[in-house]
Structure formats: C-alpha cells, structure tokens
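Overview (structure and organization)
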Amino acid sequence: MRIKTLAASLLIIAVTTSQTAVAQEKLLNLYSARHYQTDEALYANFTRQTGIKINRIEAKEDELLERIRNEGAKSPADIFLTVDAARLAKADELGLFAPVKSKVLEDRIPANLRSPDWFAFSTRARVIIANRDQVRTEDVQNYEDLANPKLKGKVCSRSGSHPYNLSLMSALIAHLGEAKAEEWARGVVGNFARSPKGGDTDQIKSVAAGECGVAVSNTYYLARLLRSEKAEDRKLMEKISIIWPNQKSFGAHINISGGGMLKSAPNKDSAVRFLEYLASDDAQRYFADGNNEWPAVSNLAVKNPALDAMGKFKADSLPVATLARNAASAQKIYDRAGWK
Ligand code: FE
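All values reported here derive from a predicted model rather than from experimental measurement.

1. Things to note about empty space enclosed by the protein
The tally for this structure, following the rule as stated, stands at one cavity of 30 Å³ or more. One number sums up the size of the largest cavity: a volume of about 60 Å³. Every residue lining the largest cavity is listed: Leu146, Val155, Cys156, Ser157, Leu168, Trp184, Val188, Ala215, Val216 and Trp339. Among the elements of the structure, helix H7 (178-190) and strand S6 (214-218) are those that each provide at least two residues to the lining of the largest cavity. Residues of the lining of the largest cavity, tallied by class, amount to nine nonpolar, one polar and no charged.

Here's what the structure looks like:
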C-alpha cells in the first residue's frame, strides 16, 4: 500500500491552516486497485490540467472495499478505481457509490460500459497464449480446449481467486451453465503443469520458456512485452502464439477498468472532474498508449502498434452485470475443482 503525496499534502494542510487567507487546496483522494507504472503520467496530467492534487492509496480491490466500509461516513475516499467489473458492481451493491449525473460522461462512455453509479474507462481481453513449439494453435481455439486431456501437464495459471480468473469463470458460467463450467475447471486443473502461482506476466514468461505449453493472459501484459525496449522481452514474444478465444462462439472474454464516486466523498467536485477527465481524449490515450488497453470512448484514434498487431477480434458481449452476478458461484467452482 502506498500513500503517494501524503507528506506533501500534510505540509499543505499545515500551511493553509496557518494562513487563513490562502484559498483551500483542491484535493482528490483516490483509492485505486490499478497497479500500472504508466498511470503516473495519467494522474500527473490531471493535476496539471486542474490544479487538483491527488492523494492515492493503492491496494487490492477487496482490501480497498473493506477499508472504505470500515471508514464509513468519515472515509476520506472520493473515488474507487478498479480493474474488475465484478468488484465495481460489488461496491455498487454495498451502496458505496453516489450517482453521478454528467453530460460529459453520458455522451462519451457507451451505455453498456456504465451504470448510474460507475463508469468503465477501458477494456481488456483475456486471451489464450501457447508455446509455438509445444502446442498447435488449432488445439487451443477456445477456452473449453484448455480442459482437453490432450493438454495434460501443459496448462499454467495464476490463482483461481484472482479477479481476472473469477471474471472469466463468471462468463463461462453464463455461456455453458454451472455444471459444464465446473467440469471445465476440473479438466483444466487436471492439465496443470504446476500449482497456480504468479501473475499474468509470470505465465507469459513460463510459456515462452517452455515450462508450460499454454496459459491465459490479459492482452495489455502481452502488448507491454511486444513494445518493450528490452530485446529479451520481445524475444519472449517470438516464442508465443496469441489466440483470440471462442471466435466462432461467444467471443473473447472482456473485462473493464473503471470507477465511481463514493457516497461519503468529501471532495465531490474534484471527484466528478476526475471521472470526466478519465473520459477525455487525453486520458483515454494514456489508457491506450500507456497501458495498452482499449479506450472506452469509441472512435478515438489511437496509435499503438502492439494493439494493432494483435488485430481485430470478436469480443464477448455479456453485460457487465452478469459477470458480477456470477462472481460468488465462480469462486465456489474454483474451490471445489481445487484451482487454488
Ligand atoms: Fe492487471
């Protein structure tokens, strides 16, 4: 957990209270589950444009939600920003968000990527990756194929409790039904090359090294390596095929990054300005160019060779609310299947 500019803001409070004539410092308290180095520039640009300083606390989504609940009406949090549709919906369900009425947000964020209480600012896909020498791409065209006994000892994964995998399972429950989804999970666990560990980038590296034949990863981690200045990163990607899953059925699983204003937000004006900023062309380009995500705003021209290189694909069109609804069942299925 990091408190970015706490020291600086404490200093500001000290200064402003000692000089009552000084105008009140504009602040935004951001509780964020995003964990990307490139977001520094996204936030710095907001402060440059608006003069509003950001105090940022970064932690895992469930820790942040717990913290906001414990802090209650006294919470300093203005915005909860996350990388998972289900957690966004959970915050909503817990009644933590305040509705935001904003013409800017309504005009710019497509209706399927927002609710009255929260807004998605980018999307990411969860794709299959395969070691070129070990697994033929024909054999892993669909998520379902990962459970095929042909792949015994070849599948690597991060934890089943991670939001990215819970969200994928939520989608599979919606498309296949709970029984088939559980059968799938058991099949994949039976194919594991090793116990689940690490993050998406660790799976990519293990597939490139041949320790695993196949895994799933969010697209931006792949794009990051494709665009890396380090030759060894780009070399990893030469060992890997990227497969858009389920192109002949429901499409590749999509998740979102988004946020909302908290009901107890002490700086509501700053909070709305921040949400509107995240929907601006400038901010949307940081999501696309900085972290290789797809902008939520449609028809925005982005120049990202790695996103272009990954090509066009059919995305799953499941409503975000469905992913949220199935999240609890998803965890139970992973637990029963032994997907730790
Ligand atoms: Fe991530």
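2. Observations regarding the pattern of salt bridges
If the charged atoms of two oppositely charged side chains come close together, the side chains can form a pair. As enumerated under the stated definition, the model contains 20 salt bridges in all. Across the salt bridge formed by Arg34 and Glu293, the nearest N and O atoms sit 2.9 Å from each other. Of this pair, Arg34 sits in the loop between strand S2 (27-32) and helix H2 (39-50) while Glu293 sits in the loop between helix H12 (281-290) and strand S9 (294-295), and the two are 259 residues apart along the sequence. Just as Arg34 is buried, Glu293 falls in that class too. As a salt-bridge pair, Arg136 and Asp139 come within 3.5 Å of each other at their nearest N and O atoms. Connected through shared salt-bridge partners, Arg34, Asp39, Arg124 and Glu293 make up one network.

3. So, the pairing of strand S8 (residues 253-261)
Judged by how many residues are buried, S8 sits mostly within the fold: nine of nine residues are covered. What you see with S8 is no split at all: His253, Asn255, Ser257, Gly259 and Met261 on one side and Ile254, Ile256, Gly258 and Gly260 on the other are buried throughout. Taken together, the four bridges between strand S4 (residues 79-82) and S8 define a ladder with antiparallel strand orientation. Residue pairing for S8: Leu81 is matched across the bridge by Gly259. Pairing analysis gives seven bridges linking strand S5 (residues 119-131) to S8, with the strands arranged antiparallel. Looking at the pairing, Phe119 lines up with Gly259 of S8.

Definitions and cut-offs
Residues numbered from 1 in each chain as written. Predicted model: local features only at pLDDT ≥ 70, side-chain atom pairs only at ≥ 80, totals over all residues. Heavy atoms only, no water. 1 Å grid on protein atoms, 1.4 Å probe; cavity = no way out; pocket = protein on both sides within 12 Å on 5 of 7 lines; lining within 4 Å. Points joined across faces, edges and corners; volume = space filled by probe spheres on them. Helix = DSSP H or I, 4+ residues; strand = E, 2+ residues; numbered from the N terminus. Nonpolar A, V, L, I, M, F, W, Y, C, P; charged D, E, K, R; others polar. Salt bridge = Lys/Arg side-chain N within 4 Å of Asp/Glu carboxyl O. Buried < 20%, exposed > 50% of the residue type's maximum accessible area, 1.4 Å probe, protein only. Pairing = 2+ DSSP bridges.

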